[in-house]
Amino acid sequence: MKGRVLIVAGSDSGGGAGIQADIKTVTMLDAFAATAVTALTAQNTEGVFGVLPISPDFIRRQMEVVLEDIGADAIKTGMLHDAAVIETVAAVLAERAAAVPLVLDPVMVAKGGAPLIEPGAIDALKRLLVARAAVLTPNLPEAEILAGRSIATRAAMVETAQEMLGLGCRAVLLKGGHLPGDSVYDVLASASGVRVWESARIDTRHTHGTGCTLASAIAAGLAQGLPIEAAVDRARRYVHEAIASAPGLGRGHGPLDHAHPLGGRG
């Protein structure tokens, strides 16, 4: 089964993250990508230089027409910048896609440090979307905001991931790329228990869009019927290879190589 993924996220004019990374990833993993754009950003590898929000009514319309006609086997959300957008997305999901698994990437801060969500919207995100997510994919700074605690060790990652299941989501993939060290640990917590992946850290500044890419790769796997662990395993390998073969573009945090050969067949 090819698998249909509806991506609800912001656009990255630099092509490394956001909707652009999502479409490339889902396509390379042999699934079908449809989109509802939540915001336009003017950004490159050096930072975000402007954000143009899309109205909640138009975000709703984009989602509705895709779900009515094409449908979705998984939904992935990224940049949802304020409470009104979060409320709208949650309402459409409840009305039109209640049984469709949601991969929630809680995008809060851009790689260069620019905030991508209003502080007051975080409670709405937790209450309306985290609580219904099949998989929540925070990085360490995002997990610290959501959990209200610092996370400085691998053991703390495991403990926090398990705690975050209490928010209502069915699984949490806590990404450990921000933790110092030669290895990168990712922790998956679910009702089945905990699994920890370890990978050698790639020494590079070209990591823009890794979170978007990983979440979209997981969504593609779920849309294709993969169990969560298998979807995460394939997604991690895809991202690792995309970082390793990054094209080296830009003066800042450069994009990954989304078109590397792993594709959907690995």
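Up top is the structure.
Residues numbered from 1 in each chain as written. Predicted model: local features only at pLDDT ≥ 70, side-chain atom pairs only at ≥ 80, totals over all residues. Heavy atoms only, no water.

**Quick notes on unusual backbone geometry**
One non-glycine residue, D30, lies in the positive phi region at around 65°. Looking at D30, the relative accessible area reads 28%, which means it is partly exposed. (Buried < 20%, exposed > 50% of the residue type's maximum accessible area, 1.4 Å probe, protein only.)

**Details of the pattern of salt bridges**
Using the criterion set out here, one finds 15 salt bridges in the structure. Note that R96 is salt-bridged to E64, the shortest N-O span being 3.7 Å. You can see R96 sitting in helix α3 (residues 83-96) and its partner E64 sitting in helix α2 (residues 56-69), a full 32 residues away along the chain. Classification of R96 by relative accessible area gives partly exposed; the value is 40%. The salt bridge involving R149 is made with E159; its shortest N-O contact spans 3.6 Å. Of the two residues, R149 sits in the loop between α5 (140-147) and α6 (154-164) while E159 sits in helix α6, which places them 10 residues apart along the sequence. (Salt bridge = Lys/Arg side-chain N within 4 Å of Asp/Glu carboxyl O. Helix = DSSP H or I, 4+ residues; strand = E, 2+ residues; numbered from the N terminus.)

**As for the nonpolar core**
One finds V8, I75, V89, L125, L129 and I218 to be the most contacted residues of the largest nonpolar core, which totals 79 residues. The biggest single contributor to this core is helix α7 (residues 210-223), with eight residues. Among all residues touching I75, those that are not within four sequence positions of it are L6, V8, L93, A97, V100, P101, L102 and V103. (Core = buried A, V, L, I, M, F, W, Y, C linked by side-chain atoms within 4.5 Å. Contact = heavy atoms within 4.5 Å.)

**A closer look at the pairing of strand β2 (residues 32-44)**
Of the strand pairs in this sheet, strand β1 (residues 4-12) and β2 are connected by eight bridges, and their pairing is parallel. Within β2, the position partnered with R4 by the bridge is F32. Each parallel crossover has a hand, and for β1 linked through helix α1 (residues 18-28) to β2 it is right-handed. Alignment of β2 against strand β3 (residues 47-53), held across six bridges, turns out to be antiparallel. (Pairing = 2+ DSSP bridges. Right-handed = clockwise from strand over helix to strand, strands pointing away.)

**What about α2?**
The terminal C-alpha atoms of α2 lie 20 Å apart, and with 14 residues this matches the ideal 20 Å at 1.5 Å per residue to within 8%. The set of residues buried in α2 consists of I59, Q62, M63, E64, V66 and L67. Elements that come into contact with the buried residues of α2 comprise β1, β2 and α3. G71 sits one or two residues past α2 and shows a positive phi near 80°. (Expected span 1.5 Å × (residues − 1).)

**As for the packing of α7 against helix α8 (residues 228-244)**
Packed helices, taken two at a time, are described by their axes: the angle between them and the distance between them. Contact pair α7 / α8: the axes reach a minimum separation of 8 Å and the direction vectors enclose 140°. Taken together, the axes of α7 and α8 are oblique relative to one another. For the pair α7 and α8, the crossing hand works out as right-handed. Here T210, T213, L214, A217, I218, A220, G221 and L222 of α7 come into contact with α8, specifically with I228, A231, V232, R234, A235, R236, Y238, V239 and I243. (Axes fitted to C-alpha atoms, helices over the stretch in contact; angles between N-to-C directions. Parallel < 35°, antiparallel > 145°, perpendicular 65-115°, else oblique. Left-handed = near helix turned anticlockwise from the far one by under 90°.)

**Some remarks on the pairing of strand β9 (residues 193-200)**
In this sheet, β9 lies alongside strand β8 (residues 183-190) in antiparallel orientation, the contact comprising eight bridges. Opposite Y185, over in β9, you have E198 as the bridge partner. Between the end of β8 and the start of β9, which pair antiparallel, lie two residues.

**Comments concerning the environment of A133**
With respect to the helices, strands and loops of the structure, A133 is situated in the loop between α4 (122-129) and β6 (135-136). Between the C-alpha atom of A133 and that of V232, which follows or precedes it by 99 residues, the distance is 15 Å. Ignoring any residue separated from it by four or fewer positions in sequence, one finds A133 in contact with L102, L104, C169 and R170.

**Topic: α5**
For an α-helix the count is 3.6 residues per turn, leaving residues at separations of three or four pointing the same way. By the burial criterion, the buried members of α5 are L140, E142, A143 and L146. Looking down the long axis of α5, one finds its buried residues gathered within 155° of arc, a one-sided arrangement. Looking at the buried side of α5, the elements it contacts are α4, β6, α6 and β7 (171-175). The distance from a side-chain oxygen at the start of α5 to the backbone nitrogen of E142 is 2.9 Å, and the residue carrying that oxygen is N139. Positioned one or two residues after α5, G148 has a phi angle of 70°, which is positive. (Arc of directions from axis to C-beta. Polar contact = N/O pair within 3.5 Å; in protein donor to acceptor, adjacent residues only side chain to side chain.)

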